[in-house]
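Residue-level structure breakdown
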Amino acid sequence: MLLEFIVNGRGHKLEVDARARLLDVLRDKLGLTGTKEGCGEGECGACTVIINGLAINSCLVLAPQANGKEILTVESLEQDGELDRLQRAFIDNGAVQCGYCTPGMLMSCKALLMQNPNPTEEEIRRAIEGNLCRCTGYTKIVRAVKEVVEEK
Amino acid sequence: MRDIVMKRPENLEALVEALSSVNDTTYLLGGGTDFMIKLRKHRIYSGTIINLTQIKELNYILREKDRIKIGAITTFTEIASHPLIKQYANCLAEAADKVGSTQIRNVATIAGNIANAAPCADTVTALMVLDAKIKIIDGNGETREKSLDEVIIGSERNTLEKNEAIIEILIPVIEKKSKSAFAKLGSRTAVTISKLNIAVVLEYDQENSIHQAKVALGALGPKAFKSDIVEKALLGKKPVESLLLELQEALMEQVDASILGRGSHPYKRDAIQGLADDIFYKLFASTSIGGEV
Amino acid sequence: MQQDLKYVGKYVPIHDVKEKVTGKIKYVGDMEIPGMLYGKLVLSSIAHGNIVKIDTSRAEAIPGVVKVYTHENTPSTLYNSHKWIAGLEVVKDERLFTDKVRFVGDRMAAVVAIDRDTAEYAATLIDIEYEELTPIIDPLEALKEDRVKIHEGSNKIVSKEIKAGMPEEILNKAEIIVEDDVTTQKVHHAAMETHVCLTTIEANGQLMVWTPCQVVFQVRLIVSEVLGLPLNKVRVIKPPMGGSFGGKGIPVLEPVCAYLSYDLGKPVKLQMNRTESIIATKTRNATIGKVKTAIDREGNILARDIEMLIDGGAYFTNAEAITMAMGKKAFRLYKIDNQRYSGEAVYTNTPVGGACRGYGSPQIHTVTEINIDHAAKKIGMDPVDFRLKNLVHPFDKDPIGGPDLGNARAIDCVKRGMEAFEWKKKYSKPNDTGRFVRGVGMACATHGNGYYGAYQDYITMDLRLTEDGEVILKSGIHDLGCGTVTTMIQIVAEILDIPPYKVMATEGDTLLSPFDSAGTQASRVTFVCGGAAMKTAELLREKLISYTARIFNCPEEEVIIESEKVWHKDHEENKLSYGEMVVKIQQAFKEDMHMNYTYQSKGNPAVYAANFVEVEIDTFTGLVRVLDVLAVHDVGKAINPGFVEGQVQGAIQMGIGFALTEEITVDDQGRIGSNNFSKYHVVNAPDMPDVKVLLIEEGEEHGPFGAKSVGEICTVPIAPAIINAIHHVLDIKIQSLPATSEKILEALRGKNKR
């Protein structure tokens, strides 16, 4: 069935299977493989993308549900070769190890900052409550987001 | 056979039409956070999905006369932060705020949570004490209102016919001095399935005594239920410190009545004291008692 | 050497960080090859039984299905994927697709199809008829010889004893004996990337294998054994990897995927979903531990007896190695002259044991460190003082003849930690009353640095200065996300005095990387591979100086080499860049400025750690919250302190899970309860404390710049530290991990009855 949506600022018209997940369409049809699958049940957040300004699990959304929506994936963060402040803070603070949770983490944090430019530590931790990381213990991730907030 | 089709009605009329031609393999889709898991776990490869989430007219929270109305596809994020819900149905706001993760709350819908009928569903417990009514539409375009108990009849069992869809949740506004709260217990602080949950609505009389108490418990049986035992324990009482002990004892008695002999009984019997403490604090620790729910 | 380090001892971001934050990096799951087919495994739904019939016809009839594989049309070659080097004797009991079911998750079949959806769909159409056998779930049942056999022969597969002195005699007449029984559970590694493999056959017959793995040469060995291919016809490449923690240490999918490709002559990708990764890869071995310690009134440990029963799961894999690895640790933390360790391992009809961060160490340390606290308590001593009295000292010997302990800074860890944590004040504080109670606990641990003393431990590296003055390091290393590549780069950069960004280091590729004997195992990488990088760079530097001296026609002592330049000490005005000198040397001597060196590990010193933790327990609900963690580590020298901190913080997250929430639950029929993250609870951000890390950097003789390991030990002491804190504050005994709220409340009920 037909899916019309905007991904990272570009309009797309695609023919998709009604059973396809948004995650698979982004990865397989649009080649946006930055978005990852870690559990397929909305528990790990590796597949987090932003839909109409809100962080969601793309593994739990049927692709046709995204019809008419605006989607941002991790690939949207770097603009004209310039990394997003959040990306730079992740680098500077050692918030990235294996990197597999990183795109989802970034998108959850990005969605948070889009809605709330001055979150507390508790709000940061709540924004990533649905994003699991096995490498970092979250400390450096939280620190990176705080750094972005403090620099504003 | 693999032939799933999705219908995407954009208004109620189109929904009714979609509902008029259903069969055993028709599925209603809200946010999809539970449906997607079922779709894969139960290996559903054929049938018709009716996607409700593009019916914009079903996304609202408003007050109409003496009722708060919530459109079926309203998400938990919207409910948790809405001023009307916070004012008139605080326990529902608190419950919605505790569902799943940020990402889940951004997508999952109130109607989906009801239809799914999980014994541990957080918002169902809250809706129960709010005496919420569920408005249903069928394939003939006819609507009717049902109570939660009429809709949910057991663990993952509802009475909705294949050609019926929940379109609205209605919550009566309590004008008297009242207060409501929700608390849950899982195996961690966030993103956790309730091992127990509780919702309470209290109304006070002129002397600040509890003259009406509604208490519902979730994850203590196949479906959330109102507890006579606990309600009776609160009736006529004043919110003083000693009431906590009475509340704890009543809740333990309810646990005994509900699941005595089950493996989880000893744990839940003890742990419900924590839930009692949490809800007691939420209900009574604020500076003034009363005000609206 | 220790002074004035330019690049070592500094935080440099992980080498591929930019690709990672932009989402451009390609993990194996992101890779595609034209014509690539998709595999999907079919796993058994019962725990124990014989296969009466597998009917694949319905699956084969689906358009898009290429072929279905079962035990009937695949090699019956037995192998043990734990084998990482030729010549290692192993028990071989596994095959590509099993002809007898031994656990829920055993590989029954695989479907290969033109797309993933078709493969998944067809996999649901394979009908298997079983003749069920009684499953053996409890390791104690497995010890009984009259029970049904899981493989041919006894279910008891390993029995080992290690002994120093005369522990029995002392224990028999000791006045004070402290005993503990503690069981530990199976856990899942929970790397965010699930297991995945991509294979293809090149036109020249070369089998290509891309796999996130820890030992490329092990994957090559197993694939070649199972497929009967020469080693040089199998090329294994380690691409970027989304975490491992030991979980991708033992090949699982690789021989299977390789066979599918080999048979079809086509590229095949095989990826697991989370449930498959939890049940059908490898797990941390569950254990049943018993410890008996004899002490005197002054707090000296006189003798100790430890018995561990190890649940090997349904296949042998590393049952023997882990039984030994576990036992050896017990002799290297405290000075105990009289001690016996006895370890037994059994088959059960449960998910298979394998390498998992710490490799037996979290299990045995949990048992013994809980016991140490009880011993201190028994004589009314502060557990920190008790430990300080008994911990090993620098340069102590191993009482069972293992490698020397080296610059063992266990005591420093405890002393520095207790001060920074304000232990005495917090430990002696009166108990809280009311619903929420807080308390502190601590524990210690030790670990090794590679295989020296047990197995072959060497690596060959190839380092080359290029004509433009940059550097290429070729070696069979594997970055699991910990920063291995950058660590090697920093070491080479320091020796060659060149900025790290000018050093390119490649990872494991069995065709192009020089050989490495053991891969990312046994906490060997920084110590052994880092040692190799340092030595190889030193030799290259010497070579550069030697040829430069010939170019300048002067003695080598007169050559200065600094900041990417070389010059004669009297001619500072005439500095040449590395690149210019490389070209001069090439022209003058037809000599390539490269160094190929095989470095043998020269020791296996111990590392030490002490964790201090404060917990808050909800006595109404039994929930435990970890409020504060201080992790003190004897690391010798941190090559990249940011990485060390990151390793420790992540490992604490894993250890808190081990202590409190994580468990692969198996019911009496062998069914897995916690088969996804909704039921298998790893610690998420709201429940995770900020972890403070304190490093003891006193240097280790054979480590690069004095560095030794940290990646495994850092997940070890936290679990017993948490349990000790719970014991201290509640006066209860937790005898099995994880300490769930249910178990805590049960223990509190027991206490109130007594």
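Within an unreviewed UniProt entry, the label attached to chain A reads Carbon-monoxide dehydrogenase small subunit, and the organism entered is Anaerovirgula multivorans. The heading Pathway (unreviewed entry) in the UniProt record of chain A holds the text "Alkaloid degradation; nicotine degradation."

Moving on, we get to the interface of chain B and chain A. With 23 residues of chain B at the contact, the number on the chain A side is 22 residues. Elements with a contribution of two residues or more to the side of chain B that touches chain A: β1 (3-7), α2 (35-41), β3 (46-51) and α6 (102-105) of chain B. Residue composition of the side of chain B that touches chain A, by class: 12 nonpolar, 10 polar and 1 charged.

Moving on to the domain arrangement of chain A. Residues and elements named next belong to chain A. When the domains of chain A are assigned, the result is domain 1 (2-73) and domain 2 (85-151). The straight-line distance from the C-alpha centre of domain 1 to that of domain 2 is 21 Å. Domain 1 puts 14 residues into the contact, and the matching count from domain 2 is 12 residues. Among the elements that take part in the side of domain 1 that touches domain 2, strand β3 (residues 48-51) stands out by supplying 3 residues, more than any other. Class assignment for the residues of the side of domain 1 that touches domain 2 results in 7 nonpolar, 6 polar and 1 charged.

What follows deals with the sheet that holds strand β3 (residues 65-70) of chain C. In a beta sheet, neighbouring strands are held together by backbone hydrogen bonds and run either parallel or antiparallel to one another. Residue and element names in this part refer to chain C. Strand order in the open sheet formed by 7 strands is β3-β5-β1-β12-β9-β10-β11, with mixed pairing between adjacent strands. The open sheet is flanked by β3 and β11 (234-237), the only strands paired with a single partner. Direction aside, neighbouring strands of the sheet carry axes that sit 20 degrees apart on average. In terms of strand pairing, strand β1 (residues 37-43) meets strand β5 (residues 107-113) through 6 bridges, oriented antiparallel. Bridge pairing in β5 places Lys40 opposite Val111. Taken strand by strand, helix α6 (residues 216-227) contacts β10 (207-210) and β11, and its axis lies near 145 degrees from that of β11.

Once that is clear, we can look at the interface of chain A and chain C. Taken together, the contact between chain A and chain C spans 38 residues of the former and 43 residues of the latter. Those elements giving two or more residues to the side of chain A that touches chain C turn out to be α2 (85-92), α3 (102-115), α4 (121-127) and α5 (139-151) of chain A. Residues of the side of chain A that touches chain C, tallied by class, amount to 17 nonpolar, 12 polar and 9 charged.

The next thing to look at is the domain arrangement of chain B. All names here are of chain B. Segmenting chain B into domains produces domain 1 (3-51), domain 2 (60-172) and domain 3 (178-284). The gap between the C-alpha centroids of domain 2 and domain 3 is 21 Å. Facing 22 residues of domain 2, the contacting portion of domain 3 comprises 23 residues. For the side of domain 2 that touches domain 3, the elements supplying multiple residues, two or more each, are α5 (90-97), α8 (122-129) and β8 (152-154). The greatest single-element share of the side of domain 2 that touches domain 3, amounting to 6 residues, is contributed by α8. Broken down by class, the residue content of the side of domain 2 that touches domain 3 amounts to 13 nonpolar, 6 polar and 3 charged.

A few words now on the sheet that holds strand β22 (residues 576-577) of chain C. Residues and elements named next belong to chain C. With antiparallel pairing, 3 strands are arranged side by side in an open sheet as β20-β21-β22. The open sheet has two edge strands with one neighbour each: β20 (559-562) and β22. Taken together, the 2 bridges between strand β21 (residues 565-568) and β22 define a ladder with antiparallel strand orientation. Within the sheet, the bridge partner assigned to Lys565 lies in β22 and is Ser577. Most of the contacts of helix α15 (residues 525-552) go to β20, to which it runs at about 135 degrees, and overall it touches β20 and β21.

Residue and element names in this part refer to chain C. With an omega of -10 degrees, the peptide bond between Leu737 and Pro738 qualifies as cis. Positive phi, close to 45 degrees, is recorded for Tyr359, a residue that is not glycine. Of note, Tyr359 is situated in the loop between β15 (339-347) and α10 (361-378). Within the chain, Asp497 stands out as a residue other than glycine whose phi angle is a positive 50 degrees. Looking at the secondary structure, you find Asp497 in the loop between α14 (484-496) and β19 (503-505). Asp497 sits in the partly exposed class, given 16 other C-beta atoms within 10 Å.

A separate point is the environment of Ser227 of chain B. Residue and element names in this part refer to chain B. Following the sequence through the fold, Ser227 ends up in the loop between β14 (225-226) and α10 (228-234). Residue Ser227 is classed as buried on the basis of its 24 C-beta neighbours within 10 Å. Sequence separation between Ser227 and Leu217 is 10 residues; the distance between their C-alpha atoms is 7.1 Å.

Right, let's get into the pairing of strand β12 (residues 268-271) of chain C. Looking down a regular strand, the side chains alternate between one sheet face and the other. Residue and element names in this part refer to chain C. Where burial is concerned, the two faces of β12 agree: the one with Val268 and Leu270 and the one with Lys269 and Gln271 are both buried. Here β1 pairs with β12 via 3 bridges, running parallel. Within β12, the position partnered with Tyr38 by the bridge is Lys269. As paired strands, strand β9 (residues 196-201) and β12 are joined by 4 bridges and run antiparallel to one another. Paired with Thr199 across the strands is Val268, a residue of β12.

So, how was this worked out
Residues numbered from 1 in each chain as written. Chains lettered and ligands numbered in written order. Predicted model: local features only at pLDDT ≥ 70, side-chain atom pairs only at ≥ 80, totals over all residues. UniProt positions renumbered as here; feature names shortened; annotations may be inferred. Contact = placed C-beta atoms within 7 Å. Helix = DSSP H or I, 4+ residues; strand = E, 2+ residues; numbered from the N terminus. Nonpolar A, V, L, I, M, F, W, Y, C, P; charged D, E, K, R; others polar. Domains from an automatic or database assignment. Pairing = 2+ DSSP bridges. Axes fitted to C-alpha atoms, helices over the stretch in contact; angles between N-to-C directions. Buried ≥ 20, exposed ≤ 12 C-beta atoms within 10 Å, placed from the backbone.

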